[in-house]
Amino acid sequence: MVFLVISMLVVTVLGVAVVGVVAVPAHRGGRDLLTSKGEGVARSARRRAATLGRPRARTH
């Protein structure tokens, strides 16, 4: 079990490192990180997350 947790942490750290190596220099260079389709998906996800976070009106 400990091996599984450690390996999950290692994979997560490697993933963050790869994103950092690729995305950060691209962003600093002025390039967009997402395509226009990706921007639309992100906008939609933010909208849905905001809707889920609102308290619902009680009906009874």
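Report on the accompanying structure. (Residues numbered from 1 in each chain as written. Predicted model: local features only at pLDDT ≥ 70, side-chain atom pairs only at ≥ 80, totals over all residues. Heavy atoms only, no water.)

**Brief notes about the overall build of the protein**
Then, number 1: What the protein contains, in helices and strands, is two helices and zero strands.
Then, number 2: Burial analysis of the protein (60 residues in total) assigns 3% to the buried set. (Helix = DSSP H or I, 4+ residues; strand = E, 2+ residues; numbered from the N terminus. Buried < 20%, exposed > 50% of the residue type's maximum accessible area, 1.4 Å probe, protein only.)

**Quick look at helix H1 (residues 2-28)**
Then, number 1: Its 27 residues place the ends of H1 38 Å apart at the C-alpha level, agreeing with the 39 Å of an ideal helix rising 1.5 Å per residue.
Then, number 2: At Gly 20, H1 shows its maximal kink, close to 30°.
Then, number 3: Gly 30, located one to two residues past H1, shows a positive phi value of around 95°. (Expected span 1.5 Å × (residues − 1). Bend = angle between axes of the 7 residues up to and from the residue.)

**Considering a nonpolar patch on the surface**
Then, number 1: Taken together, Met 1, Leu 4, Val 5, Met 8 and Leu 9 make up a surface patch of nonpolar side chains, about 560 Å² in accessible area.
Then, number 2: Secondary-structure assignment places Leu 4 in helix H1.
Then, number 3: The class of Leu 4 is partly exposed, set by a relative accessible area of 46%. (Patch = residues over 30% accessible without salt bridge, like charges linked within 9 Å, V, L, I, M, F, W, Y side chains within 5 Å. Areas by Shrake-Rupley, 256 points an atom, 1.4 Å probe, with all protein chains shown as cover. Salt bridge = Lys/Arg side-chain N within 4 Å of Asp/Glu carboxyl O.)

Everything listed here is a matter of coordinates, which is why it stays silent on function.
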